[in-house]
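What follows is the residue order along each chain.
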Amino acid sequence: MAVRHHLVARPPEAVWAFLSDPSRYGEWVVGTSDSQPDEGRWPEVGASLTYTVRIGPVELRGHTVVRRSEAPGILELEAYSGPLGSARIAFDIRPWGEGTLVVLDEHPLRGMGARVHNAVADALIQVRHRKMLSRLGEQVEAMTTRTGARHG
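Cut-offs used in this document
- Residues numbered from 1 in each chain as written.
- Predicted model: local features only at pLDDT ≥ 70, side-chain atom pairs only at ≥ 80, totals over all residues.
- Heavy atoms only, no water.
- Helix = DSSP H or I, 4+ residues; strand = E, 2+ residues; numbered from the N terminus.
- Contact = heavy atoms within 4.5 Å.
- Pairing = 2+ DSSP bridges.
- Axes fitted to C-alpha atoms, helices over the stretch in contact; angles between N-to-C directions.
- Salt bridge = Lys/Arg side-chain N within 4 Å of Asp/Glu carboxyl O.
- Buried < 20%, exposed > 50% of the residue type's maximum accessible area, 1.4 Å probe, protein only.
- Core = buried A, V, L, I, M, F, W, Y, C linked by side-chain atoms within 4.5 Å.
- Polar contact = N/O pair within 3.5 Å; in protein donor to acceptor, adjacent residues only side chain to side chain.

> Sorry, what's going on with the environment of Gly113 here?
Inspection of the secondary structure assignment puts Gly113 in helix H3 (residues 111–115). Spatially, the C-alpha atoms of Gly113 and Ala14 are 32 Å apart, while their sequence positions differ by 99 residues. Excluding residues within four positions of it along the chain, Gly113 makes contact with Leu84 and Pro108.

In C-alpha cells, the structure reads:
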C-alpha cells in the first residue's frame with residue numbers, strides 16, 4: 001500500500017473544490033489527460049469520469065468511479081485502467097493549521113496490478129504520488145490566488 005501526504009497552503013474547502021472539478025484531473029494526475037465527466041454528478045457516490053492513460057508509448061482509456069464522498073474531508077475512488085485492473089485511491093483531506101494536509105492512499109484491487117503488486121510497485125507509486133500531490137497543491141494554491149479567495 002502506498003501512502004503519501006502533502007501540505008497545501010489553503011483550507012480544506014479549497015482542496016475539495018478543486019477535486020470536485022472532474023475536468024481538472026488531467027492537470028495533476030500523472031499519466032492522465034483529457035479528463036471529462038462520464039456519469040452522475042462528480043464527486044457524488046457512483047459518479048464517474050473518463051480520461052486517457054499513457055504508459056510510455058501505450059495509450060489506454062481509463063475511468064474512475066466515486067466510491068465514498070464526504071465533503072470536504074474524504075474522497076475515495078476506484079480507478080479502472082483496462083488490462084492493468086483497478087485501484088482504490090483515497091484522499092483524506094484534513095485541516096492543518098491554516099492549511100490542509102492531504103493524505104493519499106492507493107492500492108491495487110483487481111487485475112494485473114493486484115496480481116503483481118509488491119514493494120517495488122509501491123516504490124514506483126510513491127514517486128508518482130510525490131509528483132501528483134505537488135501538482136495538486138500548486139494547482140489549488142494558484143486557483144485560489146487567481147479567484148481572489150482569502151488565504152492565510
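> Explain the sheet that holds strand E4 (residues 58–70) to me, please; I cannot follow it from the model alone.
What links the strands of a sheet is backbone hydrogen bonding, and the strands pair in either a parallel or an antiparallel sense. An order of E1-E7-E6-E5-E4-E3-E2 is seen for the 7 strands of this open sheet, with the pairing classed as antiparallel. Two strands close off the open sheet at either side, each with one partner strand: strand E1 (2–8) and strand E2 (32–37). Within this sheet the neighbouring strands show an average axis-to-axis angle of 20°, counted without direction.

> What am I meant to see in the pattern of salt bridges here?
Opposite charge on two side chains lets them pair, provided their charged atoms get close. On inspection of all chains with the given rule, the structure shows 8 salt bridges. Close ionic contact of Glu76 with Arg68 constitutes a salt bridge, the shortest N to O distance being 3.1 Å. Assessed through its relative accessible area of 32%, Arg68 is described here as partly exposed. One network of salt bridges, with partners in common, ties together Arg68, Glu70, Glu76, Arg88 and Asp105.

> Would you explain unusual backbone geometry in this entry?
Trans peptide bonds make up most of the peptide bonds, and negative phi angles are found at most residues other than glycine. The residue after Trp42, namely Pro43, is reached through a cis peptide bond having omega 5°. Along the polypeptide, Pro43 turns up in the loop between E2 and strand E3 (48–55). Going from Ala71 to Pro72, the amide bond is cis rather than trans, its omega being -10°. Along the chain, Pro72 falls in the loop between E4 and strand E5 (74–80).

> What is the right way to read the nonpolar core from this model?
Burial of nonpolar side chains together is a common tendency in soluble globular proteins. Leu19, Tyr25, Trp28, Leu75, Leu77, Phe91 and Leu136 are the most contacted members of the largest nonpolar core, which totals 28 residues. Listed by contribution, the elements that provide at least two residues to this core are helix H1 (12–19), helix H2 (25–28), E3, E5, strand E6 (86–96), strand E7 (99–110) and helix H4 (119–146). With sequence-adjacent residues up to four places away left out, Leu75 is seen in contact with Trp16, Leu19, Tyr25, Pro43, Val66, Arg68, Ser69, Ile89, Ala90 and Phe91.

> Please explain the side chain of Glu78 as it appears in this structure.
Among the structural elements, Glu78 can be located in strand E5. Separated by 3.3 Å, the side chains of Glu78 and Tyr80 make a polar contact. Within the local environment of Glu78, its side chain forms a polar contact with the side chain of Arg110, the two groups lying 2.9 Å apart. Not counting the four nearest positions on each side in its chain, Glu78 is found in contact with His63, Thr64, Val65, Arg67, Ser86, Ala87, Leu109 and Arg110.

> I'm lost on the side chain of Arg24 in this one. Help?
With respect to the secondary-structure elements, Arg24 resides in the loop between H1 and H2. According to the relative accessible area criterion, Arg24 is buried, its value standing at 11%. Side chain to side chain, Arg24 and Gln139 meet in a polar contact 3.1 Å long.

> Would you explain the pairing of E3 in this entry?
Consecutive residues of a regular strand have side chains that alternate between opposite faces of the sheet. The buried fraction of E3 amounts to 6 of the 8 residues, a majority that puts the element mostly inside the structure. As paired strands, E2 and E3 are joined by 4 bridges and run antiparallel to one another. Its bridge partner lying in E3, Ser33 is registered against Thr52. Pairing geometry for E3 and E4, over 8 bridges, is antiparallel.

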